[in-house]
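Coordinates in review
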Amino acid sequence: MVRLLGNPTTSNEITVEVTGAAGQSLRLGLSNSQGQLIGQQTISEAGSLERHVVRLGELPGVYFLQAITPTERKTIKVVRH
């Protein structure tokens, strides 16, 4: 399960909580609305609750956060005003 804290946001960062990935590798990737990868974080072995701050682009708009494990992929839309 992936949860964003404070979406939509006016800030250039957002906090992401991931549960259900314990013991697995976890990759968080952020893309802009054109599909360009802006940033990525890799956790080699996730705990029962992972909380990370992801930096958004400088401009307002729509971004897409992907949380990827070996068995699952989840994409969430992030709106920055």
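Let us look at the structure shown here. Remember, predicted model here, so these are calculated numbers, not experimental data. (Residues numbered from 1 in each chain as written. Predicted model: local features only at pLDDT ≥ 70, side-chain atom pairs only at ≥ 80, totals over all residues. Heavy atoms only, no water.)

1. Some details on the environment of Ile38
Mapped onto the elements of the fold, Ile38 is located in strand β4 (residues 37-43). Owing to a relative accessible area of 39%, Ile38 belongs among the partly exposed residues under this scheme. Along the chain, Ile38 and Leu56 lie 18 residues apart, while their C-alpha atoms are 7.7 Å from each other. Setting aside residues up to four positions removed in sequence, Ile38 forms contacts with Leu30, Ser31, Asn32 and Tyr63. (Helix = DSSP H or I, 4+ residues; strand = E, 2+ residues; numbered from the N terminus. Buried < 20%, exposed > 50% of the residue type's maximum accessible area, 1.4 Å probe, protein only. Contact = heavy atoms within 4.5 Å.)

2. Quick word on the layout of surface pockets
In this model, the largest pocket occupies a volume close to 150 Å³. Contributing to the lining of the largest pocket are 13 residues, with Met1, Val2, Thr19, Thr69 and Glu72 lying nearest its centre. The set of elements that each furnish at least two residues to the lining of the largest pocket consists of β2 (13-19) and β7 (73-80). Here the residues of the lining of the largest pocket sort into six nonpolar, four polar and three charged. (1 Å grid on protein atoms, 1.4 Å probe; cavity = no way out; pocket = protein on both sides within 12 Å on 5 of 7 lines; lining within 4 Å. Points joined across faces, edges and corners; volume = space filled by probe spheres on them. Nonpolar A, V, L, I, M, F, W, Y, C, P; charged D, E, K, R; others polar.)

3. Let's talk about the pattern of salt bridges
Under the criterion given, the structure shown has three salt bridges. Taking the shortest distance from any N to any O, the salt bridge between Arg3 and Glu17 comes out at 3.3 Å. With Arg3 in strand β1 (residues 2-5) and Glu17 in strand β2, this residue pair connects regions lying 14 residues apart in the sequence. Given a relative accessible area of 10%, Glu17 falls into the buried group. Taking the shortest distance from any N to any O, the salt bridge between Arg51 and Glu17 comes out at 2.1 Å. Within this pair, whereas Arg51 is found in strand β5 (residues 49-55), its partner Glu17 is found in strand β2, the two being separated by 34 residues in sequence. (Salt bridge = Lys/Arg side-chain N within 4 Å of Asp/Glu carboxyl O.)

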